[in-house]
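An overview of the molecular structure
The chain contents come next:
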Amino acid sequence: MLLIGERINVITKVQREAMKNRDPKPIQEMAVKQVKAGANMLDINIGPAEDDGPELMDWIVKTIQEVAQVPLCLDTTNLAAIKAGLKAHNNQWGRAVINSTSGETVRLNTFMPVAAEFQCDIIGLCLSGSGLPADANDRCAIAVDIMTKADEVGLPLDHIYLDPLVLMLNGNQEHAQHCIHAVEMFQTLNDPPMKSVVGLSNIANTAPASMKGILTAVFFQMLRDAGLTAAIIDTLEKDFMEVVQTRNPKMVYRSDHVEKTERVIRGEIMYAHSFLEV
Amino acid sequence: MAVEILKEKYTGKVNTVTIGTGDKAMTVGGATALPFHSFEGEAGNRPMIAYEILDMPPEDSPAAQKEAWDAHWGDPAQWARYCQNELSAKAVALRLVSTDPDGKNAGPEDAAETVKKVLAAIDIPLIILGCFKEAKDGQVLKAAADAARGRNCLIGKAQEENYKTIAAAAISNGHKLIAFSNLDFNLSKQINILLTQTGFNINDIVIDPTASALGYGLEYTYSVIERIRAAGLVQNDAMMQPPMLLDLASVVWKVKEVKAGEDQLPEWGNVSERGTHWEASTAVSMLTAGAEILVMSSPKAVQAVEKTLDQLMK
């Protein structure tokens with residue numbers, strides 16, 4: 001299982017300031033901490049970085065790889081910044097990953113040729129221009145568009161991580177099971193099976209802080225059982241990492257709570273913030 | 001070989017809730033199948049329509065409402081009595097609009113006085129609605145609940161910010177409660193859980209999932225009602241089994257289609273008839289989705305819907 005640490009992110013104040021001021025210390029510290037906690041790749045989210053994207057990405061990739069011997073997942077919509085990051089990336093610990101293209105034609109035409117040029121990896125988000133995918137079949141149809149484009153530009157299919165697009169459970173409950181099903185189906189789209197990745201924390205968006213842990217842990221384990229190969233996660237969450245190690249959310253959370261959470265994720269019980277209390 | 005009719009099996013049941021006292025008390029709910037699917041289970045009690053009455057005259061009103069209620073505005077007790085005696089109303093819903101802090105800002109004691117007068121004038125069940133401002137409703141509905149003690153009213157609407165106060169007042173005075181959520185079935189379940197955690201009985205709750213007028217989000221309301229009912233019946237989710245109330249009068253009479261005069265839109269036809277049709281069409285849609293209680297305004301629309309119910313409940 002590829003665990004991609006999510007904590008170097010422009011949305012957190014400390015990291016944002018460090019990026020702005022080119023202050024290596026907080027970024028390097030966060031990189032080392034995540035790797036020690038078990039991350040075997042780090043997501044680098046610099047946001048759109050419209051002013052200085054390429055320069056920032058070049059600097060941050062080199063800064064991180066000075067201290068963390070892992071490949072990086074370059075997370076921005078800024079194409080020039082992605083290219084700069086790929087040029088700066090040290091491949092000796094593995095290929096860099098572009099995060100991400102979707103199934104939208106414009107993004108496929110923009111990002112896929114770059115992935116082919118650098119022969120790096122890329123995340124293919126199962127989202128098209130025509131709104132949210134309705135179910136697992138919709139997600140697979142978009143996945144096939146992404147794979148077709150990769151083939152066209154000369155990117156081997158094992159360079160792709162298909163992302164089923166995790167939505168928050170509150171308000172989009174049925175999509176949780178569609179994601180699990182999609183991860184299963186992705187594996188049938190090619191031989192050897194296609195790889196998959198999720199942005200895990202989305203599942204618990206808008207849920208109360210006390211619920212985030214169990215929701216992410218149980219959903220992660222269900223996805224893993226379905227064949228998930230990679231996840232963008234918070235490796236500094238101790239409870240979560242224990243579930244990663246033990247493959248058993250019941251080692252951390254009450255058995256009945258885990259079972260009820262599984263039922264909510266499968267859509268058998270309607271979600272409410274306090275569903276564990278009834 | 002005989003054709004076997006496929007029937008859905010349900011594990012849950014809509015709760016029954018009784019409002020009012022004595023001979024005129026009304027009970028809603030009780031279905032063990034989707035609305036009007038009497039071929040699959042019990043249809044439950046006939047849905048109840050309550051006439052909306054206001055505690056002060058409205059500033060302006062569409063034609064159909066003006067024609068029906070002009071003579072009664074300003075005297076809610078007499079208005080309620082008229083609904084009961086002349087229109088054979090099954091229930092009335094008193095809306096305490098005068099308590100709105102952005103309007104007349106009448107106090108809880110004024111509201112309590114009005115509630116007493118209205119209750120003295122009728123023996124049919126009373127629904128008591130605040131001005132729908134959370135903090136003020138907490139105070140007003142507490143006073144109203146005290147004033148209506150022993151009459152088994154339905155009071156509301158309890159929301160996230162005020163449910164504790166209103167629930168406590170309802171429990172101590174023996175009333176039923178409307179639990180409001182804004183077009184969000186996850187939140188609807190959440191507010192019911194929170195209410196039960198205060199010690200309120202789930203069997204004394206009526207869900208308001210948010211009404212929308214025809215042409216103004218009706219389909220969203222429809223889906224939310226369907227989802228709540230499916231959770232209650234198919235998944236046997238105890239928090240999603242209360243009957244549902246749709247406050248149509250609060251939304252239907254605000255839309256352009258019931259307000260714009262014939263001088264502005266001659267091709268749309270008579271404005272009064274338009275209003276009646278708009279409310280009746282919205283109401284029937286809500287009934288087919290799964291509503292048990294409707295709060296409505298136009299007597300002609302109410303009559304039309306009752307007639308439709310006669311057919312549907314046959």
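Quantities reported herein were computed from a predicted structural model and do not represent experimental measurements. (Residues numbered from 1 in each chain as written. Chains lettered and ligands numbered in written order. Predicted model: local features only at pLDDT ≥ 70, side-chain atom pairs only at ≥ 80, totals over all residues. Heavy atoms only, no water.)

**Looking at the overall build of chain B**
Counted only if it meets this: Under the scheme used here, helices are H or I runs from DSSP no shorter than 4 residues and strands are E runs no shorter than 2 residues, and both carry numbers assigned from the N terminus. A radius of gyration in this sense is built from C-alpha atoms; the matching globule rule multiplies 2.2 Å by the number of residues raised to 0.38. Partly exposed describes any residue whose relative accessible area lies between the buried limit of under 20% and the exposed limit of over 50%, with all areas from a 1.4 Å probe on protein chains only and scaled to the type maximum. Pairs of residues are marked as contacts when any of their non-hydrogen atoms sit within 4.5 Å. Shrake-Rupley sampling with a 1.4 Å probe provides the accessible areas, and residues are treated as covered by the protein chains on show and by no other component. Positive: Lys, Arg. Negative: Asp, Glu. His and the chain ends are not part of the count. Each charge is placed at NZ for Lys, CZ for Arg, CG for Asp and CD for Glu.
Secondary structure summary: chain B contains eleven helices and ten strands in total. Its C-alpha radius of gyration of 19 Å places chain B within 12% of the 20 Å reference for a compact globule of 314 residues. Seen through its principal axes, chain B has C-alpha atoms that stretch 65 × 55 × 35 Å. For chain B, with 314 residues in total, the buried portion stands at 57%. Long-range pairs, those at least 24 residues apart, make up 69% of the contacts in chain B between residues at least 6 apart in sequence. By element, 50% of the accessible surface of chain B is carried by carbon and sulfur atoms, the whole surface being about 13200 Å². Distance from the positive charge centre (30 side chains) to the negative charge centre (40 side chains) of chain B: 4 Å.

**Considering the interface of chain A and chain B**
For the record, the criterion: Here, a salt bridge means any side-chain nitrogen of Lys or Arg that lies within 4 Å of a carboxyl oxygen of Asp or Glu. Residues adjacent in sequence count toward polar contacts only when both atoms are side-chain atoms; beyond that, a polar contact is any pair of N or O atoms within 3.5 Å, and within protein one must be able to donate a hydrogen and the other to accept it. In the scheme used here, Gly and all other residues not listed as nonpolar or charged are polar, with Ala, Val, Leu, Ile, Met, Phe, Trp, Tyr, Cys and Pro taken as nonpolar and Asp, Glu, Lys and Arg as charged.
Tallying the contact residues gives 14 residues for chain A and 14 residues for chain B. Counting across the interface, chain A meets chain B through zero salt bridges. Between chain A and chain B we count eight residue pairs in polar contact (both at pLDDT 80 or more) in total. Considered class by class, the residues forming the side of chain A that touches chain B number six nonpolar, six polar and two charged.

**Some remarks on the sheet that holds strand β5 (residues 121-125) of chain A**
All names here are of chain A. Under the convention used in this document: Two strands are counted as paired when DSSP detects at least two bridges linking them. Angles shown run from 0 to 180 degrees and are taken between the N-to-C directions of axes, each axis being a line fitted to C-alpha atoms and, for helices, limited to the stretch in contact.
One closed barrel accounts for eight strands, arranged β1-β2-β3-β4-β5-β6-β7-β8; its pairing is parallel. The sheet shows a mean angle of 30° between the axes of neighbouring strands, taken without regard to direction. Strands β4 (97-102), β5 and β6 (160-163) of the sheet are contacted by helix α5 (residues 105-118), whose axis makes an angle of about 155° with β4.

**Let's talk about the pairing of strand β2 (residues 41-45) of chain A**
All names here are of chain A. Inclusion rule: Look down the strands so they point away from you; if going from the first strand over the helix to the second traces a clockwise path, that crossover is right-handed.
Of all five residues making up β2, five are buried, and the element is well covered by its neighbours. Neither face of β2 is left uncovered, since the one carrying Met41, Asp43 and Asn45 and the one carrying Leu42 and Ile44 both have all their residues buried. Two elements, β2 and strand β3 (residues 72-75), share four bridges in a ladder whose sense is parallel. Looking at β3, one finds that Leu42 is bridged to Leu72. The parallel pair β2 and β3, bridged by helix α3 (residues 53-67), forms a crossover whose chirality is right-handed.

**Looking at the nonpolar core**
Test applied: Joining through side-chain atoms within 4.5 Å is the link that ties buried Ala, Val, Leu, Ile, Met, Phe, Trp, Tyr and Cys residues into a set, and such a set is a nonpolar core.
Core analysis: the largest hydrophobic core is formed by 81 residues, its most contacted members being Ile128(B) and Leu294(B). If we ignore the near neighbours within four places in the chain, the residues touching Ile128(B) are Leu94(B), Leu96(B), Val115(B), Leu141(B), Ala144(B), Ala148(B), Cys153(B), Leu154(B), Ile155(B) and Gly156(B). Counting 50 residues, the second-largest nonpolar core is a separate cluster that includes Met19(A), Met57(A), Ile60(A) and Ala81(A).

**Description of the confidence of the model for chain B**
Put simply, the rule is: Per-residue confidence from the predictor is reported as pLDDT, which spans 0 to 100.
Residues with a pLDDT of 70 or more make up 100% of chain B, whose mean pLDDT is 96. Scoring of the predicted complex yields 0.93 for pTM and 0.91 for ipTM.

**What about the packing of aromatic side chains?**
For clarity, the threshold we go by: In summary, the pairing rule links any two rings of Phe, Tyr or Trp, Trp by its six-membered ring, whose centres are within 6.5 Å, and it sorts them by plane angle into stacked for under 30 degrees, edge-to-face for over 60 and tilted for everything else. Placement of a charge over a ring requires the Lys NZ or Arg CZ to be within 6 Å of the ring centre, with the centre-to-atom vector within 35 degrees of the ring normal.
Counting across every chain of the model gives six aromatic pairs over all chains. Centre to centre, the rings of Phe220(A) and Phe240(A) are 5.1 Å apart; their planes meet at 65°, and the pair counts as edge-to-face. Here Phe240(A) lies in helix α9 (residues 238-246) and Phe220(A) lies in helix α8 (residues 209-226), a separation of 20 residues in the sequence. Of the two residues examined, Phe220(A) and Phe240(A), each falls in the buried class. Both rings, one in Tyr51(B) and one in Trp69(B), keep their centres 5.9 Å apart while their planes meet at 85°; by these two values the pair is edge-to-face. One end of the pair, Tyr51(B), is in strand β3 (residues 48-54); the other, Trp69(B), is in helix α1 (residues 63-69), and 18 residues separate them in sequence. An aromatic cluster is defined as three or more aromatic residues linked by ring pairs; in this entry it consists of Tyr51(B), Trp69(B), Trp79(B) and Tyr82(B). Its end group placed over the ring of Phe132(B), Lys157(B) keeps NZ or CZ at 5.0 Å from the ring centre. The ring centre of Phe185(B) lies 5.3 Å from the NZ or CZ of Arg227(B), which sits over that ring.

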